[in-house]
Amino acid sequence: MAATRSQCTNTLRRRALPRRRLALLLTLAACSSEGAGDGALDVLVEAEDVIIHGLQPGDGIEDIRDGWAVDFDQYIAVLGGVQLHLSTDETVEAEAPEIYAIDLTKIPAAGASQWTLEGLAEGRYEFLYGLHGAGEAAQHESVDDADFAELQANDWTYLIAGAIEQVGGVSCPPASLASPPAGAVSAGMNRAGDTCYANPAISFRLGATAETSFGPCEIDGVPGVSVSAGTVVTVAVTIHGDHIFFNGFPEGDEGGVLRLAQWLADCDLDVDGVVTQAELAAIKPSDLVELDERYQLGGSPITPIESMWDYVRAQLKTQGHFQGEGECPIDGVAHEHGG
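**Some details on the overall build of the chain**
Counting its regular elements, the chain contains 5 helices and 19 strands. By the burial criterion, 56% of the 339 residues in the chain qualify as buried. Sequence-distant contacts, at least 24 apart, represent 77% of the contacts inside the chain between residues at least 6 apart. Summed over all atoms, the accessible surface of the chain reaches about 13500 Å², with 50% contributed by carbon and sulfur.

Structure below.
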C-alpha cells in the first residue's frame, strides 16, 4: 500500500496540513529544476511498544503508578498526508497525501512501510504529517470492514479498545453522578467521601475525533531528514499510546510525567465494568478527586477542558512523534513531550 509520487515544482508555498484539502493538493516529489535529484524516502508507520505490550503497574518511569495494568486490544489511528519541504529552498516540496486507517496493534514491531517518495533532490527536508478524520481515509489491511465503516460514518481519528485491570481494583465515581446498581456493596470510600465499589477489570472502546497536524518534526534537536542522491532513506511516523494516562500535558523534560489510571476507573459511573464516551463527557475534571495537585492541565491543545472526554481527546492529539521519541509541533505550536 505504498504511495509513490514523482513530479517537479518550484511554485508551491510552505504550509501546515489543512483539514480536507490534502486530496486537492498536487502529489509530487521534490526535485531540482533540471530533474537531477534521485534520492528516495520510505516512510514507516510505527507503534510505540506500549500499544503492543501494554503498561504494567509499578514504580518505574513508564509504569502505571496507582496499581492498574493497561492492555489494548485495538488501536486504530487515521494518519498520513506526509509533506516534505527542502530546508534550503522552500519552493521545493514533496507530498504523499494518502491517508490510512491503521490498527497499530497489528502491524510489525519494526513498523509498516506506508509511503514512498521518489525523485528527491539531495538535501535536508522538513518533515510533516497529520492525524485525520476517517472520512478521508483508505482502509489498511489491518482494519476489518465493520470497524472501518464505523470510523468513516463518524469521521473518527481514533478507535481504541482495551482494559485496565487490578486485583482489588475499585471504582469510586463522584457521588453526584454515580448510578451504581441496586444492591451494590460498598468497598470503602475515597478521600473525597465518594463510595467505592469492587471493579477489578474495566474495559473501554472509544472512537474519537482528534485531527492534528504535526511538524516540522525533529529528533535529538536535528530537524527533518537528510536525503542523498542514489539512496533510499527510511524514517518513521511513531504514534505513542499512553498519553491518556499522563498527569497533564508536559513540556520539555518528561522525567516528571506520572502515568495514572484510577481516574479512568472512577469514570465508570454505573460501575458496570465499562467506561463509555457518554460517561467521560458527563464528568468535569473538578469532579474527580484523583485529579489533584499531581495534575497540570495547562498546555492542552484543546481549551477549555470542560469534561474528561475533552481531556482524552486532547491527549490523543499529542501522541504523534517522529523516529520514536522525536518531537513535532502540534497544530503549529511547539510542544515537547515524550512517552
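**Some remarks on the packing of aromatic side chains**
Geometry of an aromatic ring pair is reported as the spacing of the ring centres plus the angle between the planes. Following the criterion strictly, the structure yields 9 aromatic pairs and no others. A ring pair is formed by Trp263 and Tyr311, whose centres lie 5.9 Å apart and whose planes are at 80°; its orientation type is edge-to-face. Here Trp263, found in helix 3 (residues 262–265), pairs with Tyr311, found in helix 5 (residues 308–316); they are 48 residues apart in sequence, far enough to count as distant. Each member of the pair, Trp263 as well as Tyr311, is classed as buried. Through a chain of ring-to-ring contacts, three or more aromatic side chains come together here, namely Phe72, Tyr75, Tyr158 and Phe204.

**With respect to the pairing of strand 11 (residues 195–198)**
With 2 bridges joining them, strand 9 (residues 170–171) and strand 11 adopt antiparallel strand pairing. Note on strand 11: the bridge partner recorded for Val170 is Ala198. Pairing geometry for strand 10 (residues 186–189) and strand 11, over 2 bridges, is antiparallel. Looking at the pairing, Met189 lines up with Thr195 of strand 11. Between strand 10 and strand 11, which pair antiparallel and follow one another directly, the connecting turn spans 5 residues, one of which, Gly193, has a positive phi of 85°.

**Comments concerning the environment of Gly256**
Residue position: Gly256 is located in the loop between strand 17 (232–239) and helix 3. We classify Gly256 as exposed; its relative accessible area is 60%. A C-alpha to C-alpha distance of 8.7 Å links Gly256 and Ile61, two positions 195 residues apart in sequence.

**Comments concerning the pairing of strand 6 (residues 123–131)**
The element strand 6 is largely enclosed, with a buried count of 7 among its 9 residues. Relative to strand 6, strand 3 (residues 69–86) is paired through 6 bridges, and the arrangement is antiparallel. Paired with Leu84 across the two strands is Phe127, which belongs to strand 6. Inspection of the sheet shows strand 6 paired to strand 16 (residues 225–227) by 3 bridges, in the antiparallel sense. Directly across from Tyr125, in strand 16, lies its bridge partner Val225. When strand 6 meets strand 13 (residues 212–214), the two strands line up antiparallel, connected through 3 bridges. Bridge pairing in strand 13 places Tyr129 opposite Phe214.

**Topic: the sheet that holds strand 10**
Taken together, the 3 strands give an open sheet; going across it, the order is 9-11-10, and neighbouring strands pair in antiparallel fashion. What marks the edges here is a single partner per strand, and that holds for strand 9 and strand 10.

**With respect to the confidence of the model for the chain**
Detailed reading of the predicted model is not advised wherever pLDDT is low. Taken over all residues, the pLDDT of the chain has a mean of 88, while the share at 70 or more is 86%. Every residue in residues 1–36 is under pLDDT 50, and counting partners more than four places away or in other chains gives 102 contacts.

**Section: helix 5**
Three- or four-residue spacings in an α-helix give side chains the same orientation, since the helix completes a turn every 3.6 residues. Counting buried positions over the 9 residues of helix 5 gives 8, a clear majority of the element. Contacts from the buried residues of helix 5 go to strand 3, strand 6, strand 8 (158–165), strand 12 (201–208), helix 3 and helix 4 (277–282). Where helix 5 begins, the side chain of Ser307 points an oxygen toward the backbone nitrogen of Trp309, at a separation of 3.3 Å.

**A few points about the nonpolar core**
Core analysis: the biggest nonpolar cluster contains 75 residues, and Leu104, Phe127, Phe245, Trp263 and Leu280 have the highest contact counts within it. The element best represented in this core is strand 3, accounting for 8 residues. Not counting residues up to four positions away in its chain, the partners in contact with Phe245 are Leu55, Ile64, Val70, Phe72, Ile164, Leu258, Arg259, Leu260, Ala261, Trp263 and Leu264. Ala137, Phe148, Trp156 and Leu159 belong to the second-largest nonpolar core, a separate cluster that totals 11 residues.

About the criteria used
- Residues numbered from 1 in each chain as written.
- Predicted model: local features only at pLDDT ≥ 70, side-chain atom pairs only at ≥ 80, totals over all residues.
- Heavy atoms only, no water.
- Helix = DSSP H or I, 4+ residues; strand = E, 2+ residues; numbered from the N terminus.
- Buried < 20%, exposed > 50% of the residue type's maximum accessible area, 1.4 Å probe, protein only.
- Contact = heavy atoms within 4.5 Å.
- Areas by Shrake-Rupley, 256 points an atom, 1.4 Å probe, with all protein chains shown as cover.
- Phe/Tyr/Trp six-rings, centres within 6.5 Å; stacked < 30°, edge-to-face > 60°.
- Pairing = 2+ DSSP bridges.
- pLDDT = per-residue confidence, 0-100.
- Polar contact = N/O pair within 3.5 Å; in protein donor to acceptor, adjacent residues only side chain to side chain.
- Core = buried A, V, L, I, M, F, W, Y, C linked by side-chain atoms within 4.5 Å.

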